[in-house]
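Listed here are the chains, written in short residue letters.
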Amino acid sequence: METHQHRADALVVGTGYAGSIAALRLAEAGVATLVLERGRRWPVGPEGDTFATQHAPDGRASWLSPRSPLTDRTLDIRTGVLESLEGEGLTMIAAAGVGGASLLSNGTMVEPSAALFERAFAGVLDRDEMHDVWYPEARELIGCSPIPKDVLESDFYRSSRDFMEQLDRAGIPHEPVDLAVDWDVVREEMAGRRTASHIAGLNVFGVNSGAQRSMDVTVLARAEATGRVEVRPLSRVTGIRPAGEGHLVSYDELDEGGRVVARHEVRAAHLVLAAGTLGTTRLLLRARAEGALPDLDASVGSRVGNSEVITARTGMAPNNPAQGGPCSVLVRDWEDNPYAPVTLLNFPWVDAPADEGWITTIGASPTEPLGSFGYDADADDVVLNWPVEDPRVQRAARAVQDTLDRLNAATPGSRTAFNRIGTTGGNVVGGVPLGLATDAGGRVHGARNLYVVDSSLLHGSSGAVPPALTVAAVAARVTSLLVPSVAGR
Ligand SMILES: Cc1cc2nc3c(=O)[nH]c(=O)nc-3n(C[C@H](O)[C@H](O)[C@H](O)COP(=O)(O)OP(=O)(O)OC[C@H]3O[C@@H](n4cnc5c(N)ncnc54)[C@H](O)[C@@H]3O)c2cc1C
């Protein structure tokens, strides 16, 4: 197969939170920017059937595999929205599509407290700078807001109101969580004018109503509107090697069934990796294993972490637990938990029995960055290791149990159905630790004009809260540092 040759001043790999922000800021600085994204575009139309749903999953739910940890069904093979990587102790899920995980996440945008931030980033990032400059910028770019009163008061959100009452009785601090959701579209869902998506708890394979403020319709759309950004979907980067002052980047052009229809090489003067924890670490470890980037720091692949905890409680009066998403309530049990700070966010469980009350939560508690990615040359892929049985990891589940115990004590009849430190997770971060594998501005050690801007920069934690807002804030910061070099200022 012939290999097509191209050139780019700036090449960004990946279109999640980080890649979209990098593309926008480069374009605003006048830099012509090419963006390669392995997944397809997912335009939401009036039919409201762009994505698969949990009720009827098909190949749109899974990246080039008939299996997904989120369904028992065997799927047709397509360039679907979620890749899963079965690791030791953890099955990681990572998004694929223009918009990255913003297409299908719960969209919760949470800044850690000063204490939690320091616990995750002491010596790596300055908290005052992040809090004063980059978190506000990330919030402004993403556009997030809490659930409005009229939506919360609808029957769809009965379990959220039930949860808030339980938290008040237990004396556990909580507040409405900021979400990257267009609430006017949610109101349209409630009125039956759009496909029931968030109100029906259907977002993990994508949001069919158009209520998701995903990067493809917000930040990346702004970048494309400048006329300086070209996004090539279904373009899977397979290799990077140095060429002159920049890099030669190989990529496969795919069809929607994942077949390679053309091969390409781009000579990029500046290369910005934003392929996410899995994608970026995979590309760098492969380049080192192949001898293309032999001088990468030994820390590449290290300081990986997963602080996700999934819980379910039942034994309460029926509260419509299958509806009312994506989340509403942020529980900040950050001061009084005797084991460790705990964050919980409620979300609907679509298969919950209608005649029982349930409250399901996704949460986080600090864990150490004990995970790692290695490279298996025979399989030509990364291997993930997460010591889920390590007492330092299990302490997170113990801390969450303490929060649940107080909720159960304040809610007669209720009990914990399960409390699981994530064995399947989308909140995994780390692998290219900022300040170790890169300089303080994300410039990769051991390479020229190569930058990382995404979730792999975090040292295995975003401070016991879900990572997206922190990923976006860090991306905004490191992009601001790399733009002058790329723009030649
Ligand atoms: C199901 C799910 C739900 C989540 N919910 C929340 C939430 O509610 N709140 C929260 O804070 N966090 C949440 N997260 C985590 C959060 O979304 C991620 O931390 C965040 O998206 C990371 O951003 P990123 O830009 O680093 O990478 P991503 O958003 O993962 O984007 C990386 C992009 O790079 C592309 N890519 C990868 N490899 C290649 C390649 N070789 N060539 C070309 N393109 C490539 C991918 O297809 C993807 O589009 C969730 C994650 C998942 C998976």
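No experiment lies behind these values; they were computed from the predicted model shown.

Conventions adopted
Residues numbered from 1 in each chain as written. Predicted model: local features only at pLDDT ≥ 70, side-chain atom pairs only at ≥ 80, totals over all residues. Heavy atoms only, no water. Near = heavy atom within 4 Å. Polar contact = N/O pair within 3.5 Å; in protein donor to acceptor, adjacent residues only side chain to side chain. Areas by Shrake-Rupley, 256 points an atom, 1.4 Å probe, with all protein chains shown as cover. Helix = DSSP H or I, 4+ residues; strand = E, 2+ residues; numbered from the N terminus. Buried < 20%, exposed > 50% of the residue type's maximum accessible area, 1.4 Å probe, protein only. UniProt positions renumbered as here; feature names shortened; annotations may be inferred. Pairing = 2+ DSSP bridges. Axes fitted to C-alpha atoms, helices over the stretch in contact; angles between N-to-C directions. Contact = heavy atoms within 4.5 Å. Domains from an automatic or database assignment. Buried area = accessible area lost by both parts, 1.4 Å probe. Salt bridge = Lys/Arg side-chain N within 4 Å of Asp/Glu carboxyl O. Nonpolar A, V, L, I, M, F, W, Y, C, P; charged D, E, K, R; others polar.

## With respect to the site of the ligand
Line of reasoning, step 1. Every one of the 35 residues lining the ligand counts as a neighbour, but Glu37, Arg38, Thr108, Ser455 and Ala468 are closest to it.
Line of reasoning, step 2. A distance of 3.2 Å separates an oxygen atom of the ligand from a polar backbone atom of asparagine 106.
Line of reasoning, step 3. Backbone polar atom of proline 467 to an oxygen atom of the ligand: 3.3 Å apart, as the coordinates give it.
Line of reasoning, step 4. Here the ligand, which alone exposes 1,000 Å², has 94% of that area covered by the protein.
Line of reasoning, step 5. For the shell around the ligand, the secondary structure elements donating two or more residues are α1 (17–28), β4 (91–95), β7 (235–243), α8 (276–289) and α10 (468–486).
Line of reasoning, step 6. Here the shell around the ligand gets 3 residues from one element, more than from any other, and that element is β7.

## Some details on unusual backbone geometry
Line of reasoning, step 1. Omega for the bond connecting glycine 325 with proline 326 falls within 30 degrees of zero, at 0°, which places this linkage in the cis form.
Line of reasoning, step 2. Examined against the element boundaries, proline 326 turns out to sit in the loop between β11 (308–316) and β12 (329–333).
Line of reasoning, step 3. Not every positive phi belongs to a glycine, and aspartate 380 is a case in point at roughly 50°.
Line of reasoning, step 4. Mapped onto the secondary structure, aspartate 380 falls in the loop between β15 (372–376) and β16 (381–385).
Line of reasoning, step 5. Given a relative accessible area of 38%, aspartate 380 falls into the partly exposed group.
Line of reasoning, step 6. For alanine 464, which is not glycine, the phi dihedral falls at a positive 60°.
Line of reasoning, step 7. Checked against the element boundaries, alanine 464 lands in the loop between β20 (450–452) and α10.

## Observations regarding the UniProt feature "domain: Glucose-methanol-choline oxidoreductase C-terminal" (unreviewed entry) in the protein
Line of reasoning, step 1. In the numbering used here, UniProt assigns the "domain: Glucose-methanol-choline oxidoreductase C-terminal" (unreviewed entry) feature to residues 393–475.
Line of reasoning, step 2. Helix makes up 31% of residues 393–475 and strand 18%, and the two end C-alpha atoms of the span are 27 Å apart.

## Topic: the sheet that holds β11
Line of reasoning, step 1. Taken in spatial order, the 6 strands line up as β5-β12-β13-β14-β11-β17 in an open sheet, and their pairing is antiparallel. Across the chains shown, the open sheet's two edge strands, defined by having one partner strand only, are β5 (174–176) and β17 (415–421). If you compare each strand with its neighbour and ignore which way they point, the axes differ by 25° on average.
Line of reasoning, step 2. Against the sheet, helix α9 (residues 391–410) touches β11, β12, β13 (342–347) and β17, its axis set at about 160° to β17.

## Let's talk about the domain arrangement of the protein
Line of reasoning, step 1. Taken domain by domain, the protein holds domain 1 (1–42 + 81–144 + 213–300 + 426–489) and domain 2 (145–178 + 307–421).
Line of reasoning, step 2. Every contact between the two is made by 31 residues of domain 1 and, on the other side, 28 residues of domain 2.
Line of reasoning, step 3. At the boundary of domain 1 with domain 2, total buried surface from both sides reaches about 2,600 Å², with 64% on carbon and sulfur atoms.
Line of reasoning, step 4. Looking at the side of domain 1 facing domain 2, the largest losses of area belong to Asn106, Arg119 and Ala464, adding up to 19% of the total buried there.
Line of reasoning, step 5. Along the contact surface separating domain 1 from domain 2 lie 2 salt bridges.
Line of reasoning, step 6. Across the domain 1-domain 2 interface, the total number found is 8 residue pairs in polar contact (both at pLDDT 80 or more).
Line of reasoning, step 7. Put simply, the parts of the chain that give the side of domain 1 that touches domain 2 at least two residues each are α2 (114–121) and α8.
Line of reasoning, step 8. A per-element tally of the side of domain 1 that touches domain 2 places α8 first, with 7 residues.
Line of reasoning, step 9. Residue classes in the side of domain 1 that touches domain 2 are distributed as 13 nonpolar, 12 polar and 6 charged.

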